[in-house]
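Structure assessment
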Amino acid sequence: MSSSQTELTDATTEESAVEKKVKYYLTPFTEKLKLRNHVKGCVALSDLGVCPRCVIRFTNQKSLPLYQEKEEVLNGIIEGMRKLVPEIQEEENKRKGRKEKKEKEGKKDSDVQMEDTSTKKDDNKDNNNNNNNDNNNNNNNNNNNTSSPEQSDGGEGSSTPRQKSIYCPACLGILQDIGTPAFLDKFMENVRQNGFEFAKYSLNVAVPSSILIRQQEIWYYLRRKFGKGGVYHKSAPTECIIDIKEVAKWIIGPLIVKKLGYQYKSLNSDFKIHITYHHPETAQEYLFVLKNDRKRKRNQDADEIRDSVSNVFKTLRFLTEDDFIAAGKVPPAPIFTPYSYKLSFEREPIFIGGRYNKYARNISQSPWAPRHFSTRVPRKILSVEEMITPILKPYFNCSDMIFSASGREDIDVRMLGDGRPFLIEVRNPRRVKFSPEEYKKMQDEINQSTSLIQIRSFQRVGRNDVLLLKDAEENKKKHYRCIVWLEKPIKPEDLDFLKELKDMKIEQKTPVRVLHRRSLATRVRLVHSIKAEYINSNFLRLDLITQAGTYVKEFIHGDFGRTSPNFGSMMNTKADILQLDVMKIDVEFPLPDTRQVRKDIREHKMKKDHIQAKKEDYLKRAPEYAKEEY
Amino acid sequence: MRSVVERYYEEYFFTNDGGEDQFVNQHSNGMCVVGVAPGHPLLKDKKTVTGMYYGTAKLRNKVAGKSKKGGMWVEPETTLCVVGTNDSRYILKCGIKGELLEVNAKIQDKPSLMTDYPRTEGFLALIMPRRGQEALVTKNLITFEEYYEDRPYLVKPTKLYGAELEIDFDE
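Analysis parameters
- Residues numbered from 1 in each chain as written.
- Chains lettered and ligands numbered in written order.
- Predicted model: local features only at pLDDT ≥ 70, side-chain atom pairs only at ≥ 80, totals over all residues.
- Heavy atoms only, no water.
- Helix = DSSP H or I, 4+ residues; strand = E, 2+ residues; numbered from the N terminus.
- Rg over C-alpha atoms; globule rule 2.2 N^0.38 Å.
- Buried < 20%, exposed > 50% of the residue type's maximum accessible area, 1.4 Å probe, protein only.
- Contact = heavy atoms within 4.5 Å.
- Lys, Arg positive; Asp, Glu negative; His and termini not counted.
- Charge placed at Lys NZ, Arg CZ, Asp CG, Glu CD.
- Core = buried A, V, L, I, M, F, W, Y, C linked by side-chain atoms within 4.5 Å.
- pLDDT = per-residue confidence, 0-100.
- Salt bridge = Lys/Arg side-chain N within 4 Å of Asp/Glu carboxyl O.
- Axes fitted to C-alpha atoms, helices over the stretch in contact; angles between N-to-C directions.
- Parallel < 35°, antiparallel > 145°, perpendicular 65-115°, else oblique.
- Left-handed = near helix turned anticlockwise from the far one by under 90°.
- Nonpolar A, V, L, I, M, F, W, Y, C, P; charged D, E, K, R; others polar.
- Buried area = accessible area lost by both parts, 1.4 Å probe.
- Expected span 1.5 Å × (residues − 1).
- Arc of directions from axis to C-beta.
- Pairing = 2+ DSSP bridges.
- Patch = residues over 30% accessible without salt bridge, like charges linked within 9 Å, V, L, I, M, F, W, Y side chains within 5 Å.
- Areas by Shrake-Rupley, 256 points an atom, 1.4 Å probe, with all protein chains shown as cover.
- Polar contact = N/O pair within 3.5 Å; in protein donor to acceptor, adjacent residues only side chain to side chain.

What follows covers the overall build of chain B. Along chain B, the regular secondary structure elements total six helices and 10 strands. Its C-alpha radius of gyration of 17 Å places chain B within 12% of the 16 Å reference for a compact globule of 171 residues. Its C-alpha atoms give chain B principal-axis dimensions of roughly 50 × 45 × 30 Å. Classification of the 171 residues of chain B by burial places 51% in the buried group. Once local pairs closer than 6 in sequence are excluded, the contacts in chain B between residues at least 24 apart make up 59%. Where the 23 positive side-chain charges of chain B centre and where its 25 negative ones centre are 9 Å apart.

Turning to the overall build of chain A, a few remarks are in order. Looking only at helices and strands, chain A features 21 helices and 16 strands. Counting only residues that meet the buried cut, chain A has 44% of its 630 residues in that class. Across chain A, contacts joining residues at least 24 apart in sequence account for 77% of those joining residues at least 6 apart.

Below, the discussion takes up the nonpolar core. Grouped together as the largest cluster of nonpolar side chains are 83 residues, with contacts concentrated most on A:L45, A:V50, A:I77, A:I252, A:I256 and A:Y277. Beyond its immediate chain neighbours, meaning those up to four positions away, A:I77 contacts A:V22, A:Y25, A:L26 and A:L66.

Attention shifts here to the confidence of the model for chain B. Residue and element names in this part refer to chain B. The share of residues in chain B with pLDDT of 70 or more is 91%, and the mean pLDDT across the chain is 85. Confidence drops under a pLDDT of 50 for residues 159-168, and excluding neighbours within four residues, the segment shows 17 contacts in the predicted structure. Among the prediction metrics, the complex's ipTM stands at 0.89, with pTM recorded as 0.74.

With that settled, the discussion passes to the pattern of salt bridges. Tallying each qualifying case throughout the model produces 40 salt bridges over all chains. Through salt bridges with shared partners, a single ionic network connects A:D410, A:D412, A:R513, A:K553 and A:E554.

Next up on the list: the packing of helix α2 (residues 33-48) of chain A against helix α9 (residues 209-226) of chain A. Residue and element names in this part refer to chain A. Following both chains from N to C, one finds α2 and α9 inclined at 125 degrees, their axes separated by 11 Å at the closest point. With respect to their mutual orientation, α2 and α9 come out oblique. α2 and α9 meet at a crossing whose hand is right-handed. Contact residues: K40, G41, A44, L45 and L48 in α2; I218, Y221, L222, K225 and F226 in α9. Of the residues that constitute the contact of α2 with α9, the class distribution is seven nonpolar, one polar and two charged.

Below, the discussion takes up the interface of chain B and chain A. On the side of chain A, 33 residues touch chain B, which itself brings 35 residues to the contact. Roughly 3,100 Å² of surface becomes buried between chain B and chain A when both sides are summed, with 57% attributable to carbon and sulfur atoms. Counting every contact that joins chain B to chain A gives three salt bridges. Two residues, B:R7 and A:D576, come together in a salt bridge whose shortest N-O distance is 3.3 Å. Those elements that provide at least two residues to the side of chain B that touches chain A are α1 (4-8), β1 (9-14) and β8 (98-103) of chain B.

Residue and element names in this part refer to chain A. In this model, helix α8 (residues 181-192) (12 residues) spans 16 Å end to end at C-alpha, consistent with the 16 Å of a helix rising 1.5 Å per residue. Where α8 is concerned, the buried positions are F183, L184, F187, M188 and V191. Down the axis of α8, the smallest arc covering the buried residues is 115 degrees, so these residues share one side. Opposite its buried face, α8 presents the exposed residues P181, A182 and K186, each directed more than 90 degrees away.

All names here are of chain B. The antiparallel open sheet is built from seven strands, whose spatial order is β5-β8-β9-β3-β2-β1-β10. Edge positions in the sheet fall to β5 (73-74) and β10 (142-143), since each has one partner strand and no second. Strand direction decides the pairing type here: β5 and β8, joined by two bridges, are antiparallel. Across the sheet, V74 pairs through a bridge with G98, a residue of β8.

For a regular strand, side chains alternate in direction, first toward one face of the sheet and then toward the other. All names here are of chain B. Across the two faces of strand β9 (residues 125-128) the burial is the same, with A125 and I127 and L126 and M128 all buried. As paired strands, strand β3 (residues 32-36) and β9 are joined by three bridges and run antiparallel to one another. Across the sheet, the residue bridging to C32 is I127, located in β9. Judged from the four bridges that link them, β8 and β9 form a sheet pairing that is antiparallel. Across the sheet, the residue bridging to E102 is L126, located in β9.

Residue and element names in this part refer to chain A. The four strands lie next to each other as β2-β1-β3-β4, forming an open sheet whose pairing is mixed. Where the open sheet ends on each side, the last strands, each with one partner, are β2 (263-264) and β4 (340-347). As judged from the eight bridges shared by strand β3 (residues 271-278) and β4, these two strands associate in the antiparallel manner. Note that in β4 the partner of I273 across the bridge is F345. α8 contacts β3 and β4 of the sheet and is inclined by roughly 30 degrees relative to β4. Lying on the sheet, helix α10 (residues 244-260) is in contact with β1 (200-206), β2 and β3; it crosses β1 at an angle near 150 degrees.

As a further point, take a positive patch on the surface. On the surface, a cluster of positive charge is contributed by A:R408, A:R517, A:R518 and B:K66. Tracing the sequence through the fold places A:R518 in the loop between β12 (504-509) and β13 (522-536).

All names here are of chain A. Positionally, N566 belongs in the loop between β15 (563-564) and α19 (567-570). Accessibility expressed as a relative area gives 7% for N566, which makes it buried. Looking at N566, its side chain comes within polar contact range of the main-chain nitrogen of G568, at 3.1 Å. Residue contacts for N566: discarding those within four places in its chain leaves E554, F555, I556 and G558.

All names here are of chain A. Relative to the assigned elements, L175 resides in the loop between α7 (120-133) and α8. Note: C-alpha distance between L175 and I251 (76 residues apart in sequence) is 9.3 Å. Among all residues touching L175, those that are not within four sequence positions of it are C51, R53, C54, R57, I244, V247 and A248.

Here it is as structure tokens:
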């Protein structure tokens, strides 16, 4: 007996907890005048099937805890509002009666005006009531209602009764189950399985464009029903309705922090969770908006742009209330199918880089499938990029790798010396933390997979290091070595004049071999120095240092005289280049990690004996503290 | 050992009935270099050129940008330049349909370049076929083999630049 009693009391205390909350949230609606004006509208929306959270959205209340409340509390609030309606209606009737009495008695204008200024708000409400109930009083009406709107709750101009649906016509069900365990458990599980390593996250919500359209249509419904003054005086509802995306984030965000332990950062977080909601049943509703847009030509826009939410939003402004009413969309039609959502993840990229050497004369830097292949040009050509990125992708488990380097060499040119700087942008990497040993492991794996290229100094680099690469490409000197053939035989002495050569200016017209992808221009370049080694009467080995962007091959053979002066003209004969190697790219990259360097210095300073000496010194001076463990 | 032309260019020819042969060397990227071929009287009979001119329109030809807009569009029969010798005048043609990129203005001042080095420094013009038509423009031209087959009196250039390579340069 006693147990059942306690059960009873438990049940009542539980209920009263919900009731307490409902009371707490209803108080503003009973006390504050502005919110009182919303009550009738809220009830009308609820009658349409709009869910409690959406009803509250339309009252422009920004209280986060309110939306985060459980469904029972929210339903209770709506019920409480419903109970308030008769009371509010009575007040309105009283006020209306008073006003009519005053007008009948024909008071002076000044008195009426005095009353107007003192009870300005009441007068607004009176106007609303007049419009609602009396179409005869058109004294200070700035509104023009064509027909009596309070005929039915159903759609304007439709004779069929409105079908009942369990789904909210405003949010398409998105805000209805968002707080329930049924939705949340599955949602959290889906998010948990993303597998990314990151520091802070942010949330992105995308909703179908029909939500925006329906929001407008519901707004027009409220205006028709309760007048265009007072709380519904704004014609563009985005200023006075809480955005559904914000509400979704308010509810889901804190729960992600609580249940998954992620840290939130609103701007520039390195991890983004994208929730995209879909609703096939209403997916075509935007067509109505675009069709009726007479003012802007949209034929040129691509489909993706046309269907986008932002485009629909922009176009909405060009339609009038009457357009919607005439099309029977005020209020919007009920829906009978649920929504669905897709999760996708986006993570900030990380950057890795090093220097590569190329030891073969048939490899391009980036993937190249020649369009016209022949005996001269094989079908598929190996590339440096394709020898590096596929090996690395599994380590980072990323979506994409973008390879870029500080300039490039021709297919038939080797890259010797300490290599050419390169950098890889790793997009959406799932794993980002790697020790220097692991980077060494990746480097070794690449180096052992082929003898045609080798990489060195492979490590994590900074996002801005790409600027270093591009600067090196345009501004840093390059060292080359080549074998040159001369038509006319020469003696070693004929090469002596090259020793005096310093910063020789040459003019190069765009070589024919690159003319298909570069503009025709004359480029002035400097050949800083030439060191010649006599092999025999017709062959030399040259070591050149040139300005960035110099076409060395064309400098040697002259490119039909379009590079001038050229080596052949300098030697007074015809010259040709047999092979070319890049010996050095004069730039420091990757930069030594200054943070790592500083840490090493710190650790070096704080050697163990040093720390021990400090300890002993302390112990000597304060023997009583020696007993403590620390 | 092959020269630059032999390594990267496919050599074609065209002619008129008078035996006035010209070459069209097409790079593997489609660009065409047009010049005087060995069968032309200028080279065959070793004539001395007294003067030649392109015409102001061609000299003022300017192209801009990566797609090289603004150049003169020429046809195979379009006159490229006129060459005068001691006893005759020859009209040299463009040979292919495309956009004129540049003419070799050097040979107006030094016409001997054209007779001494017709395939390299003495070239006449650079013409770019319309994008996509690189293979088409050389379809009706005479190929290297055909050309020298029909002209047994000409020396077929096999190794234009002498010596064989005996040294291995790669370390």
